[in-house]
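Given next are the chains, with one letter for each unit.
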Amino acid sequence: MKRRTLLGAAAGATTAAVLSRPALSQGKARVLRFVPEGNLANPDPVWTTTTIARNHGAMIWDTLYGLNSRFEPQPQMVAGHELSDDRLTWRFTLREGLLFHDGEPVRPVDCITSIQRWARRRPLGQTLLARTEEMRALDDRRFEIRLNKPYGLMTNALSDTCFMMPERIARTDPFQQISEYVGSGPYRFIRDEWVSGSKALYTRFDAYQPRDGAPDFLSGGKVAHFDRVEWIVMPDASTAVGALQNGEVDWVQRPDFDLLPMLRRMRNVQVAVNDKVGVIGMLALNHLHPPFDNPKVSHAVLSCINQEDFMAAAVGAEPELFRIPAGVFTPGLPMANEVGIEVLTGPRDIARGRQMIQESGYKGEPVVLMSPSDYPIQAAFAQVTADLFKQLGLNVEYASMDWGTLVQRRTSKSPPDKGGWSAFPTTYEGLTVADPSSHVPLRGNGEQGWFGWPTSPRLEALREEWLDAPDRAEQRRIAGEMQRIAFEEVPFIPLGQLFNATAFRTDIVDIVPASFPIFWNVKRA
């Protein structure tokens, strides 16, 4: 814990080596200097599911619809839509004056191609593709999606990070990274100045046409007040907090929990908890290879998971910033339920768990546990996991790496001893795992699914039932059944619900409340 003392005057010397110039020297009122949660290693928000790529995407691309603070889809790039009486034909009209960053108008064909690329990688989109007969442009502002089966979540789907890109970019295979970053949103990405592991730079797109009205989460008017936004990667939390204290940066997205009391005592620094939905900690398990291809091993681990241990390791002295028990759906939101929750709340018995491992037929195969060195919360989860695995008699190989490397390695389906992996901790934003429509880790679609690739025909069938459920009561019944099956088949292990704080200089005002950073509306007082 001694590193936490590297603040105050000492931090100035520390940050001097990191920051190339004082914030004031470049016209401070026009530049926002921001420390993101981690490194922007992969800037394609379709190819990767990382939250930092999504945050980047929301800066430079816009969406057809955006969720408001009640999580209701609102028109964003569209002026509106029409729906046929049989609910099979949707016709969308784009707002006038929409331009890409290269000055070209946003066309219906750009939107159709963007939807098609995005849809192959997102659960809501995959359902949309399965129910689509045809997508076609009608004229220079209108396009049509004709379905073979009604899809009540159409506007929800188009709100789900479905970013509008030029057709030439959106034609990139969704399993390949794009090589061009021409956006449709309020900021431009300066790719030539992007240095992975160091910085990412954005400038205001003056030709962007915001909607009328006040911003409301991801909907409403997206007005950019800064000429330039600089993302500065600072993996060391003390360095970032020292830079914030000295005014060398303006905003630290996610300070470590154990630094919050110190931050609250600093002059000209404000700590806020804008996150009202939270994130769900979870442990991903690789179902393709031993030992977690064996459900008996997964059950043994689940039976010994103590969510409070994980939350305490991450949050420390801030117990009001977590909630347990957390099942497979986000606590506090409509699909959360208590079905089967006793598997997480009952007595923990390590001796019994160790016996279950022995009885499972486990042969001592290496268990490669990946840990992100630059994400403190997930690193804390990994340390608790490693200790539990060892207590249960598993042959743990602890593999620490930066998050960008982990994101690359988790795509590998090779055996753990051939460059693959066995388990890794992560977090998912609560809104994303609030219900079956977008809950990627709860899918059971095997090698076409989320990292870990569990196969569960029962979960897949229930998801389809949920999508067609006639009312909220039936949706809740199905969600309860899905949780029961998830605790039987263990596609992943929930670790608890966390609420992240953020910290910024007091002259930074009008931040849009959200669980992740939003860069429109925010300004300097």
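For every chain, the first residue of its written sequence is number 1, and the numbers climb from 1 along that sequence. Two thresholds apply to this predicted model, a pLDDT of at least 70 for residue-level local features and 80 or more for giving and counting side-chain atom pairs, whereas whole-chain, interface and lining totals are computed over all residues. The side-chain numbers reported here are obtained from all heavy atoms of the structure, hydrogens and water having been left aside.

With that settled, the discussion passes to the pattern of salt bridges. Salt bridge, as used here: a side-chain nitrogen of Lys or Arg that lies within 4 Å of a carboxyl oxygen of Asp or Glu. Counting across every chain of the model gives 39 salt bridges. Here Arg 524 and Asp 507 are joined by a salt bridge, their closest N and O atoms 3.1 Å apart. In this pair, Arg 524 sits in strand 21 (residues 523-524) while Asp 507 sits in the loop between strand 19 (502-505) and strand 20 (508-509), placing the two residues 17 residues apart along the sequence. Judged by relative accessible area, which is 16%, Arg 524 ranks as buried. Here's how the labels work: a residue is buried when its accessible area is under 20% of the maximum for its type, exposed when over 50%, partly exposed in between, all with a 1.4 Å probe on protein chains only. Take Asp 507: its relative accessible area is 22%, and that puts it in the partly exposed class. Through salt bridges with shared partners, a single ionic network connects Arg 131, Lys 149, Arg 463, Glu 464 and Asp 468. Numbering of helices and strands runs from the N terminus, with a helix taken as a DSSP run of H or I at least four residues long and a strand as a DSSP run of E at least two residues long.

Once that is clear, we can look at the sheet that holds strand 8 (residues 187-189). Taking strand neighbours across the sheet as the criterion, the seven strands line up as 8-9-10-1-11-19-12 in an open arrangement whose pairing is mixed. Either end of the sheet is taken by a strand with one partner, and the two such strands are strand 8 and strand 12 (269-272). In short, DSSP must find at least two bridges between two strands for them to pair. Pairing between strand 9 (residues 199-204) and strand 10 (residues 228-232): five bridges, direction antiparallel. Of the residues in strand 10, the one forming a bridge with Leu 201 is Glu 230. Residue contacts are counted whenever heavy atoms from the two residues lie within 4.5 Å of one another. Here an angle of 0 to 180 degrees is reported between the N-to-C directions of two axes, which are lines fitted to C-alpha atoms, with helices fitted over the stretch in contact. Sheet strands touched by helix 7 (residues 237-245): strand 1 (31-35), strand 11 (251-252), strand 12 and strand 19. Its angle to strand 19, the strand with the most contacts, is close to 30°.

Here we take up the UniProt feature "domain: Solute-binding protein family" (unreviewed entry) in the protein chain. UniProt positions are given in the numbering used here, feature names are shortened, and annotations may be inferred rather than shown by experiment. Mapped onto the present numbering, the UniProt feature "domain: Solute-binding protein family" (unreviewed entry) falls on residues 72-412. For residues 72-412, helix accounts for 29% and strand for 21%, while the C-alpha atoms at its two ends are 36 Å apart.

This part is about the nonpolar core. Note on soluble globular proteins: their nonpolar side chains tend to be buried together. Ranked by internal contacts, the top residues of the largest apolar core, which has 159 residues, are Leu 64, Ile 115, Tyr 202, Leu 263, Leu 394 and Leu 498. Excluding residues within four positions of it along the chain, Leu 498 makes contact with Phe 257, Asp 275, Gly 278, Val 279, Met 311, Ala 314, Val 315, Leu 321, Phe 322, Ile 377 and Phe 381. By convention a nonpolar core is built from buried Ala, Val, Leu, Ile, Met, Phe, Trp, Tyr and Cys residues, the set being connected through side-chain atoms within 4.5 Å.

For Phe, Tyr and Trp, rings pair up if their centres lie within 6.5 Å, where Trp contributes its six-membered ring, and each pair is then called stacked (planes under 30 degrees apart), edge-to-face (over 60) or tilted (otherwise). Applying the stated rule across the entire model yields 25 aromatic pairs. With centroids separated by 5.1 Å and ring planes inclined at 70°, the aromatic side chains of Trp 421 and Phe 424 adopt a geometry described as edge-to-face. Phe 424 carries the same exposure label as Trp 421, and that label is buried. These aromatic residues form a ring-pair network of at least three members: Phe 34, Trp 61, Phe 163, Tyr 181, Phe 189, Trp 194, Tyr 202, Trp 231, Trp 251 and Phe 519.

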